[in-house]
Amino acid sequence: MLYWLLKSEPDVFGYPDLVRVGKEPWNGVRNYLARNYLRQMVAGDLCLIYHSNAKPNGVAGVARVVRAAYTDNLQFDPESAYFDPKGLPDNPRWSMVDVSPVLAFPTLLTLDALRGLLEWADSPLTQKGTRLSVIPVTAEQFRAALEAVGLELEQLSAAST
DNA sequence: GCCAACGTTGGC
DNA sequence: GCCAACGTTGGC
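Residues numbered from 1 in each chain as written. Chains lettered and ligands numbered in written order. Predicted model: local features only at pLDDT ≥ 70, side-chain atom pairs only at ≥ 80, totals over all residues. Heavy atoms only, no water.

**Quick look at the UniProt feature "domain: EVE" (unreviewed entry) in chain A**
Here is step 1: Following the UniProt record, one finds the feature "domain: EVE" (unreviewed entry) at residues 3–146.
Here is step 2: The straight-line gap between the two end C-alpha atoms of residues 3–146 is 12 Å; of that span, 23% is helix and 33% is strand. (UniProt positions renumbered as here; feature names shortened; annotations may be inferred. Helix = DSSP H or I, 4+ residues; strand = E, 2+ residues; numbered from the N terminus.)

Have a look at this one:
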């Protein structure tokens with residue numbers, strides 16, 4: 001089982017939206033490193049959903065990968081903001097995964113709070129200038145994030161069926 | 001293959 | 001709204 005952090009802008013699509021829809025294709029990732037991480041995901045991986053460009057920024061909840069990487073068709077749609085003229089149907093350039101909500105954090109785990117956790121000191125999230133939108137998370141980082149809002153791993157398995 | 005210019009991200 | 005940092009593009 002691997003852990004990840006996915007950024008979203010709550011004004012566009014935040015954790016409450018994920019809860020509302022129940023399942024969401026995580027499309028629109030147009031960065032090669034982020035895409036490569038998406039392609040490493042397998043169903044069952046857990047993701048921290050992070051709100052950026054928010055007040056305040058932070059992790060709002062946990063989601064689960066419910067479908068491994070497949071073609072992000074927005075790359076073929078000229079009407080889409082995510083259209084990529086170089087994304088050829090027989091050799092797609094961009095991928096997405098499906099995620100579903102698992103558990104909302106009882107309180108937002110703010111960026112400031114994350115910076116206060118030793119485990120997160122070397123994460124791209126807390127380093128200046130990093131704009132990666134899909135970030136690998138270690139088991140230690142994941143556990144520390146849960147603990148910081150008073151949750152335990154076992155509660156995730158209880159919440160997920 | 002280099003690198004300047006540009007567009008975007010994202011914290012503040 | 002500002003701006004630093006970064007990735008991408010395109011001219012050469």
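**A look at the side chain of H51**
Here is step 1: Its location among the elements puts H51 in strand β3 (residues 46–51).
Here is step 2: On the basis of relative accessibility, which here comes to 8%, the residue H51 falls in the buried class.
Here is step 3: Among the polar contacts made by the side chain of H51, one reaches the main-chain amide nitrogen of Y15 at a distance of 2.9 Å.
Here is step 4: In this structure H51 touches S8, P10, G14, Y15, P16, N57, G58 and A60, once residues within four positions along its chain are discounted. (Buried < 20%, exposed > 50% of the residue type's maximum accessible area, 1.4 Å probe, protein only. Polar contact = N/O pair within 3.5 Å; in protein donor to acceptor, adjacent residues only side chain to side chain. Contact = heavy atoms within 4.5 Å.)

**Looking at the pattern of salt bridges**
Here is step 1: A full pass over the atoms with the stated rule returns 4 salt bridges.
Here is step 2: A salt bridge links D17 to R20; the shortest N-O distance between them is 2.7 Å. Here D17 pairs with R20, and both are found in helix α2 (residues 15–21), just 3 residues apart, close to one helical turn.
Here is step 3: The exposure class assigned to R20 is exposed, which follows from its relative accessible area of 59%. (Salt bridge = Lys/Arg side-chain N within 4 Å of Asp/Glu carboxyl O.)

**Topic: unusual backbone geometry**
What you tend to see is this: most non-glycine residues have negative phi, and most peptide bonds are trans.
Here is step 1: The omega torsion across K55 and P56 is -5 degrees, close enough to zero to call that bond cis.
Here is step 2: Mapping P56 onto the fold places it in the loop between β3 and β4 (58–71).
Here is step 3: You will see that N53, though not glycine, has its phi angle at about 50 degrees, which is positive.
Here is step 4: Inspection of the secondary structure assignment puts N53 in the loop between β3 and β4.

**Some remarks on the protein's contact with DNA strand B**
Here is step 1: Close contacts around DNA strand B come from K7, Y50, S52, N53, N57, L111, R115, R131 and L132, and that covers them all.
Here is step 2: For DNA strand B, the backbone portion of the atoms within 4 Å of the protein, that is sugar and phosphate, comes to 67%.
Here is step 3: At 2.9 Å, a side-chain N or O of K7 approaches a phosphate oxygen of DNA strand B.
Here is step 4: N57 places a polar side-chain atom, nitrogen or oxygen, 2.9 Å from a phosphate oxygen of DNA strand B.
Here is step 5: Per-class residue counts for the surface near DNA strand B are 3 nonpolar, 3 polar and 3 charged. (Near = heavy atom within 4 Å. Nonpolar A, V, L, I, M, F, W, Y, C, P; charged D, E, K, R; others polar.)

**Focus on the sheet that holds β4**
Here is step 1: Sheet architecture is open: 6 strands sit in the order β2-β5-β4-β3-β1-β6, paired in mixed fashion. Either end of the sheet is taken by a strand with one partner, and the two such strands are β2 (24–25) and β6 (134–137).
Here is step 2: As judged from the 4 bridges shared by strand β1 (residues 3–8) and β6, these two strands associate in the antiparallel manner. Opposite W4, over in β6, you have P136 as the bridge partner.
Here is step 3: Helix α3 (residues 32–40) rests against β1, β4, β5 (95–110) and β6 of the sheet, and its axis sits at about 95 degrees to β5. (Pairing = 2+ DSSP bridges. Axes fitted to C-alpha atoms, helices over the stretch in contact; angles between N-to-C directions.)

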